[in-house]
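Summary of the model geometry
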Amino acid sequence: MLVVQKFGGTSVGDLERIGNVARRVARTRDEGHDVIVVVSAMSGETNKLIDYAHHFSPNPDREAMDLLLSSGERVTSALLSIALNEMGYPAVAMTGRQAGIVTDKTHTAARIERIDPKPMRGALEAGRIVVVAGFQGIDPDGRVTTLGRGGSDLTAVAIAGAMGADLCEIYTDVDGVYTTDPRIEPKARKMERISYDEMLELASLGAKVLQNRSVELAKKMGVNLVTRSSFNDNPGTLITKEENIMEKPLVSGIALDRNQARVSLKDVEDRPGIASEIFNALADEAINVDMIVQTIGADGKTEIDFTIPQTEVVRARSAMARFAQSIGAIDYKENIAKVSIVGVGMKSHSGVAAKAFTTMAKENINIEMISTSEIKISMIIDEKYAELAVRALHDAYELDK
Ligand code: ADP
Ligand code: ASP
Ligand code: MG
């Protein structure tokens, strides 16, 4: 069997933990499997590097950023390979480039375009364990790129897909995917299985246990994905096709995203083409706009509100600068959070949204914006009440049962 094992930041958080990872990988090898390991940077390392860059610039050059950030994962991949070799398990460390991972040119948020299987295949055939630095690749010009925060999950899934691995295990600091973040709600329940679609929604809406694009790719390529703890041997959570799941609860989980900011454009010229100009300017800066609300105008003016990741406020400000003529005032609000309820069962049931709103009302929490899809309901609220809202919703839908 070929197994891809990915270890996150906490799992390789210090030298002792890297040693533990080496022993776990060695155990998989002893079971007779070929192993490709993908590692994150030590926990806190990527944030530290970002802070370094912000010392010099609020909006650092993205190519330089990628070179900087890719270094964290290189350190852990090299250390793990050194540890494995010392234990008598031949291993080779590879950067994204050495592992044949080619991306597009979107620096700091690159997409994987293809993976050349030859370098990894060659090493496996030579009997070695391959240890890949996650979160990175090179663009067609040979420049280092990174895949966006949490991107080592994507590296692991993409490699599993490209190499035809039998299993892709994501090792982290919790036992699997829970009904909500167990650090916020201790009563959260671990799920034995969850569908790709529900996991994709949860991940996209803030449950960082898996990076959303990794789930999307796992679904597309049919990768068998399991999340589990690197600190114990408890069975994890299988992410799989909807038809493999017997129990279909109305609501499967609650997600929280604190990395949200609300932008309010006031006294906007109410004329055809204005929305196109504004949102194209944001798109040109590769800013992901999420919820959008436009209120009915009066006196030739209207108001447009939308949300973006908080980390993109600096770039949004510069993108909006050119609209001084057509927008009266712009207000940025960062202390908001998005709470979301996810479940495929919602498709065929009514009243799920009403219950969410009633729950917020009972807790006296004001809902600032709402958006819904077939399998999710999201609400923007004041960040102060974020955890209270998660726990209240978890209770209301009886997710601990
Ligand atoms: P890693 O460094 O291993 O990639 P992350 O910190 O990215 O780990 O993701 C694991 C964290 O995700 C957990 O510690 C937990 O707090 C958080 N989390 C958020 N939502 C969930 C959820 N529904 N189930 C499990 N963990 C969750
Ligand atoms: N080190 C990167 C991050 O912190 C990638 C990862 O850990 O997956 O976002
Ligand atoms: Mg992660």
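For the structure itself, look to the data block above.
Described in the following lines is the structure provided in the data block. Fair warning: this is a prediction, and the values are worked out from it, not measured in the lab. (Residues numbered from 1 in each chain as written. Chains lettered and ligands numbered in written order. Predicted model: local features only at pLDDT ≥ 70, side-chain atom pairs only at ≥ 80, totals over all residues. Heavy atoms only, no water.)

**Some remarks on the site of ligand 1**
- Taken together, 17 residues surround ligand 1, and among them T172, D173, Y178, D181 and R183 come closest.
- One nitrogen or oxygen atom from the side chain of R183 is found 2.7 Å from an oxygen atom belonging to ligand 1.
- One nitrogen or oxygen atom from the side chain of K208 is found 3.3 Å from an oxygen atom belonging to ligand 1.
- Protein burial of ligand 1: of its 580 Å² of free accessible surface, 88% is covered by the chains.
- For the shell around ligand 1, the residue count by class is seven nonpolar, five polar and five charged. (Near = heavy atom within 4 Å. Polar contact = N/O pair within 3.5 Å; in protein donor to acceptor, adjacent residues only side chain to side chain. Areas by Shrake-Rupley, 256 points an atom, 1.4 Å probe, with all protein chains shown as cover. Nonpolar A, V, L, I, M, F, W, Y, C, P; charged D, E, K, R; others polar.)

**A closer look at the packing of aromatic side chains**
- Per the stated rule, a full pass over the model turns up two aromatic pairs.
- Taken together, a centroid distance of 5.2 Å and an interplanar angle of 70 degrees make the contact between F279 and F306 edge-to-face. Here F306 lies in strand β15 (residues 301–309) and F279 lies in helix α8 (residues 274–284), a separation of 27 residues in the sequence.
- Above the ring of Y332, the side-chain terminus of R317 is found at 4.2 Å from the ring centroid. (Phe/Tyr/Trp six-rings, centres within 6.5 Å; stacked < 30°, edge-to-face > 60°. Helix = DSSP H or I, 4+ residues; strand = E, 2+ residues; numbered from the N terminus. Lys NZ or Arg CZ within 6 Å of the ring centre and 35° of its normal.)

**Focus: the packing of helix α5 (residues 152–163) against helix α7 (residues 212–221)**
- At a minimum axis distance of 8 Å, the contact between α5 and α7 shows a crossing angle of 15 degrees. With respect to α7, the element α5 is oriented roughly parallel. In the crossing of α5 with α7, the sense of the turn from one axis to the other is left-handed. On α7, the residues that touch D153, L154, V157, A158, G161 and A162 of α5 are R213, S214, L217, A218 and M221. (Axes fitted to C-alpha atoms, helices over the stretch in contact; angles between N-to-C directions. Parallel < 35°, antiparallel > 145°, perpendicular 65-115°, else oblique. Left-handed = near helix turned anticlockwise from the far one by under 90°. Contact = heavy atoms within 4.5 Å.)

**Focus on the nonpolar core**
- Of all hydrophobic cores here, the largest spans 43 residues; its most connected members are I36, M120 and I159.
- Per-element accounting of this core gives the leading share, seven residues, to α5.
- In this structure, V251, I341, V352 and I365 belong to the second largest nonpolar core, which totals 21 residues. (Core = buried A, V, L, I, M, F, W, Y, C linked by side-chain atoms within 4.5 Å. Buried < 20%, exposed > 50% of the residue type's maximum accessible area, 1.4 Å probe, protein only.)

**Overview of unusual backbone geometry**
- Its identity as a non-glycine residue notwithstanding, D299 has a phi of 55 degrees, on the positive side.
- Along the chain, the position of D299 falls in the loop between β14 (292–298) and β15.
- One non-glycine residue with positive phi stands out, namely N364, at about 65 degrees.
- The residue N364 is located in the loop between α10 (352–362) and β17 (369–373) in this model.

**Remarks on the site of ligand 2**
- Around ligand 2, the structure places S40, T46, E73, F135, R149, G150, G151 and S152.
- Within the side chain of T46, a nitrogen or oxygen atom sits 2.8 Å from a nitrogen atom of ligand 2.
- Within the side chain of E73, an N or O atom sits 2.7 Å from a nitrogen atom of ligand 2.
- Against a free-state accessible area of 260 Å², the protein chains account for coverage of 86% of ligand 2.
- A class-by-class count of the residues in the shell around ligand 2 yields one nonpolar, five polar and two charged.

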